Amino acid sequence: MEQMYKESWGWDDAAKKRELKAENARYIIIHEKESRRPMGFVHFQFSMEESMDRPDRETLYCWEIQLEEDVRGKGLGKFLMQLLELIGRKQEMQCIMLTCPKSNPRAIQFYKSKLGFTLDPISPTEMDAHHVTYEILSKSFPPKK
């Protein structure tokens, strides 16, 4: 992950540690049943995010998802993202958002085709800032009735 960060927006050990230890940081960690070996995690936060066409949105922001190489492609990433969506809906958030490096087109395609995310209106590409190395994707939740 460090290499992907370096290519996309730069790596800073101290900043990453602060991000991971932030008071509002939340995690879901998955591990093997027998050995308890960590297999992956998702890091998320509840926040208010800017919007182009409406007031700021109550958002569940997925900061990071990582899976061990040997468990990728087996549905765990999709499962973790569906858990985040469920949490966001239960907490009455308006959307779920994430930032994804353009250098990882496979992940962008995964979020779009498997999970129904779209480029958010504030994503650099949507704002004609094609030189930026990341995209912001989101998925809105319908309001509860």
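Structure shown above.
Rules and cut-offs
Residues numbered from 1 in each chain as written. Predicted model: local features only at pLDDT ≥ 70, side-chain atom pairs only at ≥ 80, totals over all residues. Heavy atoms only, no water. Salt bridge = Lys/Arg side-chain N within 4 Å of Asp/Glu carboxyl O. Helix = DSSP H or I, 4+ residues; strand = E, 2+ residues; numbered from the N terminus. Buried < 20%, exposed > 50% of the residue type's maximum accessible area, 1.4 Å probe, protein only. Patch = residues over 30% accessible without salt bridge, like charges linked within 9 Å, V, L, I, M, F, W, Y side chains within 5 Å. Areas by Shrake-Rupley, 256 points an atom, 1.4 Å probe, with all protein chains shown as cover. Core = buried A, V, L, I, M, F, W, Y, C linked by side-chain atoms within 4.5 Å. Contact = heavy atoms within 4.5 Å. Pairing = 2+ DSSP bridges. Axes fitted to C-alpha atoms, helices over the stretch in contact; angles between N-to-C directions. Polar contact = N/O pair within 3.5 Å; in protein donor to acceptor, adjacent residues only side chain to side chain.

**Observations concerning the pattern of salt bridges**
Oppositely charged side chains can pair when the atoms bearing their charge come close.
And step 1. Going through the model one piece at a time under the given rule, you end up with six salt bridges.
And step 2. Here D70 makes a salt bridge to R37, at a shortest N to O gap of 3.1 Å. Of the two residues, D70 is situated in the loop between β3 (57-67) and α3 (76-90) and R37 in the loop between β1 (26-31) and β2 (38-49); the sequence distance between them amounts to 33 residues.
And step 3. The partly exposed category is assigned to D70, whose relative accessible area is 44%.
And step 4. Here R37 falls in the partly exposed class, since its relative accessible area comes to 27%.
And step 5. Residues joined by salt bridges that share partners form a network here, namely E32, R37 and D70.

**A word on a nonpolar patch on the surface**
And step 1. A surface patch of nonpolar side chains, amounting to about 260 Å² of accessible area, comprises L20, Y27 and I29.
And step 2. One can find Y27 in strand β1.

**Considerations on the nonpolar core**
Nonpolar side chains in soluble globular proteins tend to end up buried together.
And step 1. M81, L84, L98, Y111 and F117 are the most contacted members of the largest nonpolar core, which totals 24 residues.
And step 2. Every element with two or more residues in this core is listed here: β1, β2, β3, α3, β4 (95-101) and α4 (105-115).
And step 3. Among residues more than four places away in sequence, those in contact with Y111 are I65, M81, L98, C100, G116, F117 and L137.
And step 4. One finds Y61, C95, I122 and I136 within the second-largest nonpolar core, a separate group that totals five residues.

**Overview of the sheet that holds strand β6 (residues 134-140)**
And step 1. Here six strands make up an open sheet; going across it, the order is β1-β2-β3-β4-β6-β5 and the pairing mixed. The open sheet has two edge strands with one neighbour each: β1 and β5 (118-119).
And step 2. In this structure, β2 lies alongside β3, joined through 10 bridges in antiparallel fashion. Each bridged residue has a counterpart across the sheet, and for E49 the counterpart in β3 is R57.
And step 3. Contacts from α3 reach β1, β2, β3, β4 and β6 within the one sheet, and its direction differs from that of β3 by about 160 degrees.

**Some words on the side chain of T59**
And step 1. Counting through the fold element by element, T59 comes out in strand β3.
And step 2. Looking at T59, the relative accessible area reads 0%, which means it is buried.
And step 3. Engagement of the side chain of T59 in a polar contact is seen with the backbone oxygen of R57, the distance being 3.0 Å.
And step 4. Residues in contact with T59, not counting those within four places in the same chain, are Q45, F46, S47, E49, M93, C95 and M97.

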